[in-house]
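# Structure assessment
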Amino acid sequence: MTPASTAPAEPRRPRGDGWTEIVSPLQGATMWTHITGVKASSSVDDVNGDGPTWHVGVTQRSASGATVRAGRTAMRLARWAFDMKEAEEDNHGPVRVLRSLWLPVDPARRKPCACKAETPEEVSEAGAPGDRDAYVWRVDRRGAS
Ligand SMILES: [Zn+2]
């Protein structure tokens, strides 16, 4: 029998009600929408050859239909649905909308990204009033999003 650890990791699929899989514009990623307006990509990325890492990228639809930074409730839902409670949030994308959760497949690699010590952070807000969350963004030096 092959140990589970040698099988290639698959993108995580959401649990719970209200999720619909949609066509993904991103190669290698699956894309999901939730009835509440949360949108999530799910993939396994290998950033800079550090090893396979589960990546869930979250946005949210505002009341006016625009794609905006996900608020506290949306992030809590995404962490739970994709089993990413242990994941680290690390945002490098140039558009500054996506909130990215990262969880190395290998538990021994689960430590804060080096950028957190090396790169100054920019802190602003995510989410609608009443659902505010901090949005921390760092200048991209790794090619991650
Ligand atoms: Zn980082």
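First things first, this report covers the structure right here in the doc. (Residues numbered from 1 in each chain as written. Predicted model: local features only at pLDDT ≥ 70, side-chain atom pairs only at ≥ 80, totals over all residues.)

### Some words on the pairing of strand E4 (residues 53-61)
Of all nine residues that make up E4, eight are buried, and the element is covered over most of its length. Here strand E3 (residues 38-45) runs beside E4; their pairing, made up of eight bridges, is antiparallel. In the strand pairing of E4, Ser43 is matched with His55. Of the pairings in the sheet, the one linking E4 to strand E7 (residues 99-104) comprises six bridges and is antiparallel in character. Pairing of Val58 across the sheet is with Arg99, part of E7. Linking E4 to strand E5 (residues 67-69), which pair antiparallel, is a turn of five residues; within it Gly65 sits at a positive phi near 95°. (Buried ≥ 20, exposed ≤ 12 C-beta atoms within 10 Å, placed from the backbone. Helix = DSSP H or I, 4+ residues; strand = E, 2+ residues; numbered from the N terminus. Pairing = 2+ DSSP bridges.)

### Examining the environment of Trp102
Tracing the chain through its elements places Trp102 in strand E7. For Trp102, a count of 19 C-beta atoms within 10 Å translates into the label partly exposed. Each C-alpha atom of the pair Trp102 and Asp90 lies 7.2 Å from the other, and the pair is 12 residues apart in sequence.

### Observations concerning the pairing of strand E9 (residues 133-138)
Bridge count between strand E8 (residues 121-126) and E9: six bridges; the pairing is antiparallel. Residue pairing across strands places Glu121 opposite Arg138, the latter belonging to E9.

Remember, this is a structural readout, not a statement about activity or role.
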